[in-house]
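Structural overview for review
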Amino acid sequence: MSTPLLRIRGLRVRLGTAQILHDVDLDIAQGSRHALVGHNGAGKSTLLHAIAGTVRPRAGSIMLAGRDITNLAPHRRARLGIGRTWQHPALCGSLTALQNVTLAMPGHDPSRAHRALMASGLGAHIDTAADQMSYGLRRRLELVVALAAQPRLLLLDEPSAGLSPAEINSLIMQLTSLPPDTSVVLVDHDLDVVSAIAHQVTVLHHGRILATGAAEEVRRAPLPHQARPRTVTPVFAPPPAQDRPVVLDVDRLTTGYHGAPVLAGTSLHVTAGEIVAIAGGNGTGKSTLLNAIAGLQPVQAPTTIRVGGREVHGLDAAGRARLGIALVPQDRRLFAQLSVAENLVVPRPGGSGPLGDPAALFPALAGRLRQRAGTLSGGEQQMLSIARALTTTPRVLLLDEPFEGLAQSVAEQLWLAITELARGGMAIVITGHRTDQMAELGARVLVLTGRGLSGPAPARGEQRRSSGPYQRPYR
Amino acid sequence: MTSSSRARFLGIPAPALTAAGVAASMSLPWLADAYTVSLASYGLVAALVAVSAHLLTTTVAMPTLGQAAYFGVGAYTAAVLGQGVSSGLVQLIAAATAGAGAAAVIGSALVRTRGMVFLVLTIAVGEVARVAAEQAVPLTGGGNGLAAVPVSLPGGAELVHDGHVYLYILTCTLAITGGLHVLLRSRTGITWRAIADHEARMQANGFSVHTRLWTAYVTAGALAGAAGALLIAARRFVSPTDVAFSTSALALLAAIIGARSVTATVFAALLIVGVRDVAGAALPGTSPLLLGLVFVAAALARGGRGRRLAARVLRRPDYPPRSHPEGRQL
Amino acid sequence: MWNGVGDLIVAIDGVAYGLLLYTVAAGLSLCLGVAGVMQLSHGTAYLAGAYAAWALMHGTWVGLLTALAAAIVGGAAAGTGLALLLEAVPRHLDQALATIGVALVGAYVLTEVWGAEPLSVDPPAGLGGSVDIAGRPYPVYRMVFIVIGAGLAAGLWLVVHRTRAGAVMRAVAADPAMVAALGIPPRRMRAAVVAVATAAAAAAGVLGAPVVGPSPGIDHTVLLLSLVIVVAGGAGSTRGALVAAMVVGQIQTTAVAGWPTAAPYLPYAVLALALLGRFGINRRRSA
């Protein structure tokens, strides 16, 4: 058996205070097409960064073709044959397509760069500056740039993000026609892309490898599930929507990153006391939707967002918060160095609103007021993030994947608290993977697919669409 | 690879404009009085310092407030050398080499930092150079400054007349900025711009970003050093005041106003020196006030424009997203 | 090497100087690290405060309090104005240009009003004399200044670590967008930080005037030392600024007494070592 092209042993990566990768072992064979899958925050991108050298590991080793590259700078790894793309196309914006590719060519030969551009169908854009190109073109150009040096190992970070179905098809064509000895490590949320390209699959879960092997085997393998949901008594009876006033009214929300559209005309109406659960695969824009409503993500025309009938256009995030929108963001975004009590007083003196002491809603926090937020357990951090949002006395509460990474019992406890809030008249929007359960418990489920919200959806049906073989174990 | 040949201003092709500008500036000694000519000489010196700041601030996107340090290194080198060697060309080369050498040592550490830390470190470098100029009395004459003899041309002719000095400085400035113009359009220059655009991409393309930025820093040091030699030719005198923070600040301002163009940077520097010295002479003592107002006005003009543009693109630009995958910005 | 009493006096001087630097630099650290604004006119506030002390103090207690009140009110007003200017130029580079301009204009105005000669300011009555430290005279005012400076440092620490305003500041330094999403308007927060920092620098100018008196150029010196302290201590960290200020103060006074030619360079050596140390730590952490 020959040595693999890439051999990773005991890789540990820490970013800030968070441990992102725990003792990862991974072999990538020469010519292998390898996909890394896992939910947001599982450490897929970080693993790519560690291989490329843009993130330094705390421990472990990375060998490329038998050579230890653990401590090599990124440009030295590039010279050894590692090419890569980023989540957002990484190009030199003021330079033309030809200049971008020429700089990536060994020997900086413009005529070879010219040929490469012609061959990839970008011939019409040779003299266009990269930042004048459409998002789809920039994605394609970036791939030409990454392939210019004929890398032995190509790292692709979400190459299909922001592309239209037609563009995704041509991407798949391009990737399947790569030279057979080029190894590819791919991270992508689009399961069609993954299953069309990858022969090997590695499942990452909270920074650990859950399973790795041939795509077919991994699909069939009995994987350690998170505890299956126990039966929960439905405690929440949603009020009839028409009896209640619409609190949050989002109409034709349109937004994107770096010119790539993420949401194009998404509409959403939530009445007082209602819980709306937003389902949808990774990368469909669930977080973007909530951030855009909260004012953390700029939107484009013809978006209108109303809270209690008032248009929020022209208000920054702070203005929207005072109008009654509260966000519990993904990853909680607590002020880790501040104590629990300090986190609660940041939005409002005294740390409590008319709802009473938010800490009272979560008795687990009451005894930990002086503890640093960063040292709380995951469940306690989630409770604190919700409690912190509640100090602004919101009318609309946006919860971005609040149950992520929580034990079932903790998730149930949170759900009880959330239904309690809805009963008090708050309009609640939740994103997450457990929407089937939430539907059973009385939430209205909407599905975000690619470009918009549809629904109310048959909760089971959407699960089948978004849960390909790779999503099951880590839902 | 660029469209410079097609660049126009008010409908006139850029090369024609440049030729007209060169002809006009060449005829200045016959058109203006001695004071204006010597002022123009100093303006060109300041312009060359501004061009060195342009290379760092605009080309590689690392704004600097320390180019006065290398300017001073060049000026003192030329002045000290001038006690034995009067050849202007030898002084110019020696000063550029000294500026490059100093930048090579300091730059090896500085190019590892970015943004605000880099800016503050360049301020520190400038301050250390000024203090050194004041303290190394045997070499620099300390606060009294250092006087130099007139420089001579390769033929041996001494440059005494203000008009001749001006033409010498103009020729050197044109040659140096012309050379830089070519360099910026070469592979080296494009690589610098590419690093400013997307450092991580260039690393992934196999470029050692530190080495390339170091090269840019050393080149900028050489340019500022050469400007130092021209200061000696123009004034035959250098003192720690020439190495002060205000020299670096003026260079940064001109580089920012000049934006992407070396030529515009030169004109911006000439304009700022003109405003400062001409108006300062008309209203004695007010030049710091005028210079200060120019700084504020320039910032407001740029800020206002940038802001309206950002507002149009983003609608509500308050806080950018937490990560900036592309480009550097200070 | 220990020179007994002489060294002790130098060390006490170092503490006084370090605390003076800290009072100015802490505000600048909050401007750069918390408010996220590039501020290169911070030294002007100190100089204005020192001139206010010269104009109003006249060696009396009433004068000291008047000057202090004037400096705090004037500093807060000027800081608010500066914050408005900085809101109009959101990019750091433009903010650097604008504040360089403000510093030039400020220096011009101060020189026009008070002249180009260095002035000396007498401490208030009763503090002008000296006390005996192991048989050597030591200026009383510097001892008092150490007490006041330590009080200011403690007060600032209490504000940053024990009040809601401080919690908001630390939260903004960590994640400004999240703070905005919790309803705190970032503009008002930035203006408040710049106003308080400017008022603190002006107050430091009043209190420090008998030690580092008003003269043209002091604004630049104070700004440079503050920048060194802020970058060495880490922008936004008041604790880092305190440590860096005490080190710079101590090294400066020691060098002035023992090795005067090296004194002007030493703050920059401290900065270089601090950055080297931090890079080293980062490399080890990430390696």
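An account of the accompanying structure is given in this report. (Residues numbered from 1 in each chain as written. Chains lettered and ligands numbered in written order. Predicted model: local features only at pLDDT ≥ 70, side-chain atom pairs only at ≥ 80, totals over all residues. Heavy atoms only, no water.)

Digging into the interface of chain C and chain B
The interface is formed by 41 residues belonging to chain C together with 44 residues belonging to chain B. Together, the buried faces of chain C and chain B total about 3,800 Å²; carbon and sulfur atoms form 75% of this surface. The largest contributions to the chain C side of the interface with chain B come from C:Leu93, C:Leu97 and C:Tyr108, which together make up 17% of the buried area. For C:Asp94, the salt bridge identified is with B:Arg302, shortest N-O distance 2.5 Å. Viewed at the interface, chain B and chain C are joined by five residue pairs in polar contact (both at pLDDT 80 or more). Secondary structure elements with two or more residues in the side of chain C that touches chain B: helix H3 (61-88), helix H4 (92-114), helix H7 (176-181), helix H8 (186-208), helix H9 (218-233) and helix H11 (266-286) of chain C. Ranked by residues supplied to the side of chain C that touches chain B, first place goes to H4(C) with 12 residues. Split by residue class, the side of chain C that touches chain B holds 31 nonpolar, four polar and six charged. (Contact = heavy atoms within 4.5 Å. Buried area = accessible area lost by both parts, 1.4 Å probe. Salt bridge = Lys/Arg side-chain N within 4 Å of Asp/Glu carboxyl O. Polar contact = N/O pair within 3.5 Å; in protein donor to acceptor, adjacent residues only side chain to side chain. Helix = DSSP H or I, 4+ residues; strand = E, 2+ residues; numbered from the N terminus. Nonpolar A, V, L, I, M, F, W, Y, C, P; charged D, E, K, R; others polar.)

Notes on the pairing of strand S7 (residues 153-157) of chain A
Residues and elements named next belong to chain A. Counting buried positions along S7 gives five out of five residues, so the element sits mostly inside the fold. Side chains Leu153, Leu155 and Asp157 project from S7 onto one buried face, and the interleaved Leu154 and Leu156 project onto a second face that is buried too. Across three bridges, the pairing between strand S6 (residues 82-84) and S7 is parallel. Of the residues in S7, the one forming a bridge with isoleucine 82 is leucine 153. In this structure, S7 lies alongside strand S8 (residues 183-187), joined through five bridges in parallel fashion. The residue bridging leucine 156 from the neighbouring strand is leucine 186, located in S8. Running through helix H6 (residues 165-176), the crossover from S7 to the neighbouring parallel element S8 is right-handed. (Buried < 20%, exposed > 50% of the residue type's maximum accessible area, 1.4 Å probe, protein only. Pairing = 2+ DSSP bridges. Right-handed = clockwise from strand over helix to strand, strands pointing away.)

Let's talk about the sheet that holds strand S11 (residues 246-257) of chain A
Residue and element names in this part refer to chain A. Strand order in the open sheet formed by four strands is S12-S11-S14-S15, and the pairing between neighbours is antiparallel. With one partner strand each, in any of the chains shown, strand S12 (260-271) and strand S15 (310-311) form the two edges of the open sheet. Inspection of the sheet shows S11 paired to S12 by nine bridges, in the antiparallel sense. Pairing of glycine 256 across the sheet is with proline 261, part of S12. On the sheet, helix H9 (residues 286-294) packs against S11, S12 and strand S14 (304-307) and is oriented at approximately 115 degrees with respect to S11. (Axes fitted to C-alpha atoms, helices over the stretch in contact; angles between N-to-C directions.)

Looking at a nonpolar patch on the surface
Judged by side-chain polarity, C:Val243, C:Val247 and C:Ile251 come together as a nonpolar surface patch covering roughly 210 Å² of accessible area. Among the residues examined, C:Val247 registers a relative accessible area of 33% and is labelled partly exposed. (Patch = residues over 30% accessible without salt bridge, like charges linked within 9 Å, V, L, I, M, F, W, Y side chains within 5 Å. Areas by Shrake-Rupley, 256 points an atom, 1.4 Å probe, with all protein chains shown as cover.)

Some words on the interface of chain B and chain A
Listed by partner, the interface residues are 24 residues for chain B and 37 residues for chain A. Across the interface of chain B and chain A, roughly 2,800 Å² is buried in total on both sides, 55% from carbon and sulfur atoms. Run the count over chain B and chain A and you get one salt bridge. A salt bridge links B:Arg201 to A:Glu142; the shortest N-O distance between them is 3.3 Å. Counting every contact that joins chain B to chain A gives eight residue pairs in polar contact (both at pLDDT 80 or more). Here the element with the most residues in the side of chain B that touches chain A is helix H9 (residues 187-197) of chain B; it accounts for six residues. Here the side of chain B that touches chain A is composed, by residue class, of nine nonpolar, six polar and nine charged.

Focus: the pattern of salt bridges
Residues and elements named next belong to chain A. Here the structure, examined in full by the defined rule, presents 21 salt bridges over all chains. With a shortest N-O distance of 3.4 Å, arginine 7 and aspartate 27 are connected by a salt bridge. With a gap of 20 residues between them, arginine 7 in strand S1 (residues 6-15) and aspartate 27 in strand S2 (residues 18-28) connect regions that are remote in the sequence. Residue class for aspartate 27 comes out partly exposed when judged on its relative accessible area of 33%. When the shortest N-O distance is used, the salt bridge between arginine 368 and glutamate 380 registers 2.9 Å. Highlighted residues: arginine 368 in the loop between helix H13 (363-366) and helix H14 (378-390) and glutamate 380 in helix H14, separated in sequence by 12 residues. We classify glutamate 380 as buried; its relative accessible area is 14%. A network of salt bridges, in which partner residues are shared, links Arg7, Arg9 and Asp27.

Observations regarding the nonpolar core
Judged by nonpolar contacts, the single largest core of 230 residues is most densely connected at A:Leu248, A:Leu268, A:Ile293 and A:Leu398. With 17 residues, helix H1 (residues 5-35) of chain C is the single largest residue contributor to this core. One finds A:Val328, A:Phe362, A:Leu406 and A:Ala411 within the second-largest nonpolar core, a separate group that totals 36 residues. (Core = buried A, V, L, I, M, F, W, Y, C linked by side-chain atoms within 4.5 Å.)

Focus: the pairing of S11(A)
Along any regular strand, the residues point their side chains to alternate faces of the sheet. All names here are of chain A. Counting the residues between successive antiparallel strands, the hairpin from S11 to S12 contains two residues, one of them, histidine 258, with a positive phi of roughly 50 degrees. Here four bridges tie S11 to S14, and the two strands are oriented antiparallel to one another. When the sheet's bridge partners are listed, valine 250 is paired in S14 with isoleucine 305.

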